[in-house]
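# Tertiary structure, described
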Amino acid sequence: MTLREQVSITLLRSVFTEDNPFNSTVEVLNWVRQRNNEVSVQVDRIGFDELEGWSFVNNGAALAHRTGKFFSIEGISVQTNWGLVSSWQQPIINQPEVGFLGILAKEFNGVLYFLLQAKIEPGNVNVVQLSPTLQATKSNYTQVHGGKKPAYLDYFKDAQPEQILFDQLQSEQGARFLQKRNRNLIILTNEEIEVGSDFIWLTLGQIKELMKYDNLVNMDARTVISGIHFKVPADFPLSAIKHSKMGTAFFKSYFQSNFSEYSFDDLIAWITKLKCKYELNIEKVPLSKVSKWVIEPRQIRHENDKFFRVIAARVAISNREVTSWCQPLIEPVSEGLIAFLVKNIDGMLHFLVQAKLECGNFDILELAPTVQTITGDYRNPEYEVPFLKEVLSAKPENILYDCKQSEEGGRFYHEQNRNMIVMLDDDYAGQIPEHYTWMTGYQLQTFLKFNNYLNIQARTLLACIRFI
């Protein structure tokens, strides 16, 4: 048996193992509460003139750090032939660095375990969240801030090819970041590792179980987990595993490639045609000149108080590489909704996927959930959102997943969105617009092998799917 086949077996055992003999789910929840009690955290909103190390530069062109590193808040002007609004201006985060989002994996008793971190970010809703082993921008891991080196960094910098289970450049939020990507990777080790007080070994099944809780597993951990590609060796004892009815349906959709409504070639042709049809042109404009946005002493906001705000914060966290600093944060105006509709088509579960344009995308369009409303109030939308009614009016027995999940707390302040997976009735025959299509879990997994196809909202929602 090759190493890859061995890893496939330990990975499958991991996704089907929710009973962790080292740390039960109850113990993990208690441990997170304990870390919340033990770590001192203070986040104060301040004025822009109090932002130590940050200032408006070049006559208000951008809000930037004195080193020119980390990130900046800049202005852009958008022109597109997509959707109902063909042009607008907005602030956006420009962070051209590629950061690490990495998880260490190790086999214990034939099961693969993942080393997660109880990490505090200034914008976290509930302070401590379960995060990747390593979550660091280039400015962080090159120690521009003058602080300590992130824990376990060398495992990722020095990893050999045979240790790499997953390594991808994947996009961040296209409506908030300008062409931002992070390196998502999982590294296998067989070394004895000293586990720090903020770290814990968990199975993949257990991590997915913990995603049932609001704002517990952070966005960065979810995006890394989403990239795991499963393979089932012919002799793996699937019949011995107890699946729920829906776990069986998701498992079949993810692991079987013998049926789908459309072939993978059909799907490539579909999204290629759309990328050729629609245009996205971005030009930078001075932040101080962004149309319909107002710079005030303590916030940058839309004149109608829509979309989001840019605020300033002073942060003190006792267990970070640097224990105090100042930074801008993006604060949402309203909670968003992220949802996949799924349907059985000839006995195979399919996901209704949309090709979505966002101003920060690398390549015009990315594959997104059926419904993604994160910049407006989905309870009272300003325009018609396809399939929003089907999600919000779903019968309780058709709601397969419903949980609040946070966006990345290092840049977003208290941003949480309602994440849902909703089953359509088998006889549903609603009209499917041109920029929507049906895909199986297997096809979505295949797209995840490539950079910049599935957007971060789709990836992090897919990570929450359980097979048992």
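Structure report, in brief. (Residues numbered from 1 in each chain as written. Predicted model: local features only at pLDDT ≥ 70, side-chain atom pairs only at ≥ 80, totals over all residues. Heavy atoms only, no water.)

## Side note on the overall build of the protein chain
Along the backbone of the protein chain there are 11 helices and 24 strands. Relative to a compact globule of 468 residues, whose C-alpha radius of gyration would be 23 Å, the protein chain shows 22 Å and is just as compact. Viewed in the frame of its principal axes, the protein chain has a C-alpha envelope of about 65 × 55 × 40 Å. Across the 468 residues of the protein chain, 58% fall into the buried class. Residue pairs at least 24 apart in sequence account for 75% of intrachain contacts in the protein chain once pairs closer than 6 positions are excluded. About 19,900 Å² of surface is accessible on the protein chain, with carbon and sulfur atoms providing 47% of the total. Within the protein chain, one finds 47 positive and 54 negative side-chain charges whose respective centroids are separated by 2 Å. (Helix = DSSP H or I, 4+ residues; strand = E, 2+ residues; numbered from the N terminus. Rg over C-alpha atoms; globule rule 2.2 N^0.38 Å. Buried < 20%, exposed > 50% of the residue type's maximum accessible area, 1.4 Å probe, protein only. Contact = heavy atoms within 4.5 Å. Areas by Shrake-Rupley, 256 points an atom, 1.4 Å probe, with all protein chains shown as cover. Lys, Arg positive; Asp, Glu negative; His and termini not counted. Charge placed at Lys NZ, Arg CZ, Asp CG, Glu CD.)

## A word on a nonpolar patch on the surface
Together, Leu84, Val85 and Tyr383 make up a nonpolar patch on the protein surface, roughly 370 Å² of accessible area in all. Within the fold, leucine 84 resides in the loop between strand 4 (72–80) and strand 5 (87–94). (Patch = residues over 30% accessible without salt bridge, like charges linked within 9 Å, V, L, I, M, F, W, Y side chains within 5 Å. Salt bridge = Lys/Arg side-chain N within 4 Å of Asp/Glu carboxyl O.)

## Digging into helix 6 (residues 219–226)
With 8 of 8 residues buried, helix 6 lies mostly within the body of the structure. Those residues of helix 6 that fall on the buried side of the exposure criterion are Met219, Asp220, Ala221, Arg222, Thr223, Val224, Ile225 and Ser226.

## Some words on the layout of surface pockets
The calculated volume of the largest pocket comes to roughly 1,500 Å³. Lining the largest pocket are 44 residues, and of these Val85, Phe307, Lys356, Thr375 and Tyr383 sit closest to its centre. For the lining of the largest pocket, the secondary structure elements donating two or more residues are strand 5, strand 19 (348–357) and strand 21 (371–373). Per-element accounting of the lining of the largest pocket gives the leading share, 4 residues, to strand 5. Partitioned by chemical class, the residues of the lining of the largest pocket number 19 nonpolar, 16 polar and 9 charged. (1 Å grid on protein atoms, 1.4 Å probe; cavity = no way out; pocket = protein on both sides within 12 Å on 5 of 7 lines; lining within 4 Å. Points joined across faces, edges and corners; volume = space filled by probe spheres on them. Nonpolar A, V, L, I, M, F, W, Y, C, P; charged D, E, K, R; others polar.)

Interpretation in functional terms is not warranted from these geometric data alone.
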